Amino acid sequence: MEILRIGCAAGFSGDRTDAAIGVVDALVAAGGSSFLIFETLAERTLALAQLARRKDPDGGYEPLLVDMLRPVLARCLRHGIRIVSNFGAANPTGAARRIRALALELGLPPPVIAVIHGDDVSGPGHRAALKAALSSSLEERSIVSANAYIGAEAVSQALAAGAQIVVGGRLADPSLTVGPAMAHFGWRADDWDRLGRATMVGHLLECGAQVSGGYYADPGLKDVAGMARLGYPIAEIADDGTAIITKPAGSGGRVDAHTVKEQLLYEIHDPSAYLTPDVVADIGEAQAEELAADRVRLVGVCGHRRPDALKVNVCFESGWQAEGEISYAGPRADARARLAADTIRERMADAGLLRIDLIGSCSVFGDDDGHLLAATSARASSDVRMRVALRHNDRDDAQRLEREVLALYCCGPAGGGGVRTSLRPTLGTRSCLLPRELVPTRFELLA
Amino acid sequence: MTTLTVPLWRIAHGRSGDKGNRSNISVIAWEPAFYPLLVDQVDEAAVLRLFAFRRPTAVTRYLLPKLAAMNFVIDDVLDGGVNDSLNLDSHGKSLSFLLLDLRVQVPTELAPLLRGPDASTTSMETTR
């Protein structure tokens, strides 16, 4: 059976919008069967999309949808490169309509677009099951989104029905790769070893440049050339599900055994049981073989029967987060920043948990309760930015923090400059499991 | 045996990922010869001590000898996770570098295999 090539042009919502160009060039040059995937959903992205859809019923899909597709849509359609993505987010049908409109704008014949349904379980039909599955007591009115991670079967069926573009919402990230592989090779939905292998190939692809050297870079130790023109990854998948990971010739970045291992273990818990809607993938015996420059083969992966339940992420309104920052530099900068922090703490003693960071001395390693900061001696850091953050259910109470940080301008300590403050609504997340039979999925061709 | 004390990043690299309030950090040997040192010295207790100030509730280590790698799963270490933490780095993206600065002992005969600049980060000790 012919090799299948799958290129990934986005690893998250907000990825580089010119990434697809080099990938499509390479897929066209290689010829044969190929797909382009975009992975654009994360734990909070879908909730933000749901809020966007509340404001605009035609919105709620990936905000950069058109920017991502415009540079490559014509070439993909001309060369038979099919596109699979979860960039439909909270409104896959809306995204599909926008893609059809883009094709018309570009003077292209209307493509066959399939929409995947079934991931959205926020409606009344699932409410009782969700309440039972969530151990914590969530207020119903605060729920913004509830989406099940759904698998590759409906994607595969849509492709078999002739779809050139498949648009989903909360399709699991690796399913964007498993679906095309199932359709291309004709794999059964219970061929656990092949699905397990394709799942881990999808896992390597799904974060874009995280496997092709970009996120690997650490100068002096892990040098990577061409960081401003990174090549996004391409997998060459064989009928047995093994694959070679590579990237477009001449692009920046690197693919070697070390970049592949880092991404293989990224966001993995038990390596012998990576749970997805399609399969339980097992990398306990996996190996990464360097074949040539920028070519690594993944072997040794197997799979086990898929889980009976699907993971559901529920997002809910969780109040307001306020932040304020102010900088101190020169002699005793750290001490002045700490005095500023203590001053804010005393004035907002009734406000609940305040998180304090001294950027330049102790910040992102620290914990919300300040244990590490307290244990960090006032170093000779001569450029420190004090940051304070809090979350509050009440907007006005949160906003008080902005005013208190601003007031440090005149109230001191000495030499504080560059105040910036922000206030934004926050979303919390809980996850639970729903029985698979409560979450049927299907595809629909856009009329 | 004479050993060198070096930061972990000279014998391994890694990456952190997040799911909810749980972080995972991979530790991947630069050379197969370093893998036994990782298994011996970078254990669950060492990682728990290193992250204790963030109040994790559990640390689990998974060994992957064919990749010369280990995977640590650290529970409840992200102050609630990406949507709940007040940390600027709510994903815990930076946490792999906290682990990679752990000090480890390396037999001197493996010194030629050490990665990175040979600077003040290395000190020699003789242990009996």
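Rules of the game
Residues numbered from 1 in each chain as written. Chains lettered and ligands numbered in written order. Predicted model: local features only at pLDDT ≥ 70, side-chain atom pairs only at ≥ 80, totals over all residues. Helix = DSSP H or I, 4+ residues; strand = E, 2+ residues; numbered from the N terminus. Rg over C-alpha atoms; globule rule 2.2 N^0.38 Å. Buried ≥ 20, exposed ≤ 12 C-beta atoms within 10 Å, placed from the backbone. Contact = placed C-beta atoms within 7 Å. Nonpolar A, V, L, I, M, F, W, Y, C, P; charged D, E, K, R; others polar. Pairing = 2+ DSSP bridges. Axes fitted to C-alpha atoms, helices over the stretch in contact; angles between N-to-C directions. Expected span 1.5 Å × (residues − 1). pLDDT = per-residue confidence, 0-100. Domains from an automatic or database assignment.

**Some remarks on the overall build of chain A**
Item 1. Per the secondary structure count, chain A includes 13 helices and 18 strands.
Item 2. The C-alpha radius of gyration of chain A comes to 24 Å, within 12% of the 22 Å expected for a compact globule of 447 residues.
Item 3. Projected onto its principal axes, the C-alpha coordinates of chain A cover approximately 70 × 55 × 45 Å.
Item 4. A burial count over chain A gives 51% of its 447 residues as buried.
Item 5. Summarising the internal contacts of chain A: among those between residues at least 6 apart in sequence, 76% fall at separations of at least 24.

**Quick look at the interface of chain A and chain B**
Often, the extent of an interface is quoted as the loss of accessible area on bringing the components together.
Item 1. Each partner contributes residues to the interface: chain A has 39 residues there, and chain B has 35 residues.
Item 2. Elements represented by at least two residues in the side of chain A that touches chain B include exactly α10 (257-264), β11 (287-292), β15 (355-359), α12 (371-375), β16 (383-392) and β17 (417-435) of chain A.
Item 3. It is β17 of chain A that contributes the most residues to the side of chain A that touches chain B, 5 residues altogether.
Item 4. Each residue belonging to the side of chain A that touches chain B can be placed in one class, and the counts come to 13 nonpolar, 12 polar and 14 charged.

**Some details on the sheet that holds strand β8 (residues 243-246) of chain A**
Residue and element names in this part refer to chain A.
Item 1. Spatially, 10 strands are ordered β11-β12-β8-β7-β1-β2-β3-β6-β4-β18 in an open sheet, and the strand pairing comes out mixed. With one partner strand each, in any of the chains shown, β11 and β18 (442-445) form the two edges of the open sheet. Within the sheet, the average angular offset between the axes of one strand and its neighbour, ignoring direction, is 25 degrees.
Item 2. Of the pairings in the sheet, the one linking strand β4 (residues 113-117) to β18 comprises 4 bridges and is antiparallel in character. Residue pairing in the sheet places V115 in a bridge with E444 of β18.
Item 3. Against the sheet, helix α5 (residues 92-105) touches β4 and β6 (165-167), its axis set at about 170 degrees to β4.

**Focus on α5 of chain A**
Residue and element names in this part refer to chain A.
Item 1. Look at α5: 20 Å from first C-alpha to last across 14 residues, which is about the 20 Å you get at 1.5 Å a residue.
Item 2. Every buried residue of α5 is listed here: P92, G94, A95, A96, R98, I99 and A103.
Item 3. Residues of α5 that are buried sit in contact with α3 (65-69), α4 (73-79), β4 and β6.

**What to know about the confidence of the model for chain B**
Item 1. With 91% of its residues at a pLDDT of 70 or more, chain B has an overall mean of 92.
Item 2. Of the two predicted TM-score estimates for the complex, the pTM is 0.95 and the ipTM is 0.94.

**Re the pairing of β11 of chain A**
Residue and element names in this part refer to chain A.
Item 1. Here 5 bridges tie β11 to strand β12 (residues 295-299), and the two strands are oriented antiparallel to one another. Across the sheet, the residue bridging to E290 is V296, located in β12.
Item 2. Where β11 hands over to β12, the hairpin turn is made up of 2 residues, of which D294 adopts a positive phi near 60 degrees.

**Quick look at the domain arrangement of chain A**
Residues and elements named next belong to chain A.
Item 1. Its domain assignment divides chain A into domain 1 (4-307) and domain 2 (315-429).
Item 2. On a C-alpha basis, the centroid separation for the pair domain 1 and domain 2 is 38 Å.
Item 3. In this complex, domain 1 contributes 8 residues to the contact, which on the side of domain 2 involves 5 residues.
Item 4. For the side of domain 1 that touches domain 2, the leading source of residues is strand β5 (residues 143-148), giving 3 residues.
Item 5. For the side of domain 1 that touches domain 2, the class distribution of residues is 4 nonpolar, 2 polar and 2 charged.

**Describing unusual backbone geometry**
Item 1. The peptide bond linking G412 of chain A to P413 of chain A adopts the cis configuration, its omega dihedral lying at 20 degrees.
Item 2. Within the secondary structure layout, P413 of chain A lies in the loop between α13 (395-411) and β17.
Item 3. A positive phi angle, close to 50 degrees, is found at A68 of chain B, a residue other than glycine.
Item 4. Structurally, A68 of chain B can be placed in the loop between β5 (58-64) and β6 (69-75).
Item 5. For A68 of chain B, a count of 23 C-beta atoms within 10 Å translates into the label buried.
Item 6. For D76 of chain B, which is not glycine, the phi dihedral falls at a positive 60 degrees.
Item 7. As for its placement among the helices and strands, D76 of chain B is situated in the loop between β6 and α3 (95-99).

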